Amino acid sequence: MKHPITYILAVLATVAFFSGTAIADTFEGRAKCSSCHKSQAKSWKDTAHAKAMESLKPGTRKEAKVKAKLDPEKDYTQDKDCVGCHVDGFGKKGGYTIETAKKPLAAVGCESCHGPGKNYRGDHRKAGQAFESKGTTTQRKVVADKGQDFHFEEACAACHLNYEGSPWKGAKAPYTPFTPAVDPKYTFNFDKMVKDVKAMHEHYKLDGTFVGEPKFKYHDEFQASAKEKTGDKKDKGKE
């Protein structure tokens, strides 16, 4: 029979291990989001963000890479200085890693803008179910406090404005080689680009589950012209 103290320590170590794993796994991948947000996910697949990892493969975007003084035949999907801006959660708990690449985290998906979903998705789903069954609304602060990002301008700047001489104060190495000096098309304006459906995704009518602040600054504008979802199961009020 094992010594009682040894046994207790072993149990505690096991609990600590699995608890740590659960805490670390904060990114879930776009499949979880897409299970309800089918219209948004379908639209996203046609965007530049969806093809972010493809652009790192050998032989792709040759002209742009040469212009930025990169080797167009190199496999940049294995380069840690590049991958971070082409996947979800690189260098963060539960995020994409080169060693154990997970397809649902490859490309710039839902969690790159809206925040890692592990901690808030359960509350998000429950709020949708409550609205669907009883018409009960939920304050956005509930999911914002759990990590859902309703602003995400900084998340965009971290890649698009991360170069030497950038107007963004958070710029630091490794810098992006795709700068306005290389080509003016790399000049980044958040307010303009966030409205570009070729970069982001189409907007669809939300059911109204969430109310109050924080609210994305273009939420009302987007909803005023949002499309009706077609062929989907109800989105359960998710945003």
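Just so we're clear, the structure is a prediction, and the values are computed from it rather than from any experiment.

**Student:** What exactly am I supposed to notice about the overall build of the protein here?
**Tutor:** The helix and strand inventory of the protein stands at eleven helices and two strands. Mapped from its N terminus to its C terminus, the protein presents α and β elements in the order α-α-α-α-α-α-α-β-α-α-α-β-α. Considering only residue pairs separated by 6 or more positions, the protein has 61% of its internal contacts joining residues 24 or more positions apart. Carbon and sulfur atoms make up 58% of the accessible area of the protein, which totals about 14,400 Å².

**Student:** Would you take a moment to explain unusual backbone geometry for this structure?
**Tutor:** The phi angle of most residues is negative, glycine excepted, and most peptide bonds adopt the trans form. The linkage connecting A173 with the following residue, P174, adopts the cis geometry, with an omega of 0 degrees. Mapping P174 onto the fold places it in the loop between α9 (153-160) and α10 (190-193). With an omega dihedral of 0 degrees, the bond running from E213 to P214 counts as a cis peptide bond. Positive phi outside glycine occurs at R61, with the angle close to 45 degrees. By the element assignment, R61 lies in the loop between α3 (38-44) and α4 (62-67). Take R61: its relative accessible area is 41%, and that puts it in the partly exposed class. In this structure, A107 is a non-glycine residue whose phi angle is positive, near 90 degrees.

**Student:** I tried to follow the environment of K45 on my own but got confused; where do I start?
**Tutor:** Of note, K45 is situated in the loop between α3 and α4. In sequence terms K45 and H201 are 156 residues apart; their C-alpha atoms lie 8.3 Å from each other. Discounting chain neighbours no more than four positions away, the residues touching K45 are A50 and K51.

**Student:** Can you help me understand the state of the cysteines in this one?
**Tutor:** Should the sulfur atoms of two cysteines be covalently bonded, the bond is a disulfide. Enumeration over the complete set of coordinates arrives at one disulfide. Here C85 pairs with C159 through a disulfide, and the sulfurs are 2.1 Å apart. Across the disulfide from C85 to C159, rotation about the S-S bond amounts to roughly -100 degrees, and the bridge is consequently left-handed. Residue C85 is located in the loop between α5 (80-83) and α6 (110-114), and its partner C159 is located in helix α9; the two are separated by 74 residues in the primary sequence. With a relative accessible area of 33%, C85 lands in the partly exposed category. Taking relative accessible area as the criterion, C159 reaches 22% and is therefore assigned partly exposed. This cysteine, C82, is not joined by any disulfide, and C85 carries the nearest cysteine sulfur, 8.9 Å off. No disulfide involves C113; its sulfur sits 4.9 Å from that of C156, the nearest cysteine. Of the residues examined, C113 reaches a relative accessible area of 11% and is grouped as buried.

**Student:** Just to check I follow, could you spell out the pattern of salt bridges for this structure?
**Tutor:** Close approach of charged atoms allows side chains of opposite charge to pair. Scanning the model with the defined rule gives 13 salt bridges in all. Between D81 and K80 there is a salt bridge whose closest N-O contact spans 3.6 Å. For K80, a relative accessible area of 58% translates into the label exposed. A single network of salt bridges, built from pairs that share partners, joins E153, D191 and K217.

**Student:** Please explain the nonpolar core as it appears in this structure.
**Tutor:** Residues F152, L161, F190, V194, M200 and F216 are the most contacted members of the largest nonpolar core, which totals 15 residues. Discounting residues that sit within four places of it in the chain, F152 has contacts with C113, H114, F190, V194, M200 and F216. With eleven residues, the next largest nonpolar core counts Y76, V87, Y96 and I98 among its residues.

**Student:** For this particular structure, what's the right way to read the environment of G89?
**Tutor:** Tracing the backbone through its elements, the reader meets G89 in the loop between α5 and α6. When its relative accessible area of 9% is taken as the criterion, G89 is described as buried. Through-space distance from the C-alpha of G89 to that of T26 is 9.0 Å; in sequence the pair is 63 residues apart. Excluding residues within four positions of it along the chain, G89 makes contact with F27, G95 and Y96.

Cut-off values and rules
Every chain is numbered independently, its residues counted from 1 as its sequence is written. Restriction of local features to residues with pLDDT of at least 70 applies here, the model being predicted, together with a cutoff of 80 or more for giving and counting side-chain atom pairs; totals for whole chains, interfaces and linings are based on all residues. Neither water nor hydrogens contribute to the side-chain values; these are computed over all heavy atoms in the structure. Secondary structure elements follow DSSP: runs of H or I no shorter than four residues count as helices, runs of E no shorter than two count as strands, and numbering proceeds from the N terminus. The criterion used for residue contact is that any of the two residues' heavy atoms lie within 4.5 Å. Note on areas: Shrake-Rupley with a 1.4 Å probe; residue coverage comes only from the protein chains shown. Relative accessibility thresholds used throughout: buried, under 20% of the residue-type maximum; exposed, over 50%; partly exposed, between the two (1.4 Å probe, protein chains only). By disulfide we mean two sulfur atoms from cysteines, separated by a distance within 2.5 Å. Think of a salt bridge as a Lys or Arg side-chain nitrogen and an Asp or Glu carboxyl oxygen that are within 4 Å of each other. Only buried residues count toward a nonpolar core. Its members are Ala, Val, Leu, Ile, Met, Phe, Trp, Tyr and Cys residues joined through side-chain atoms within 4.5 Å.

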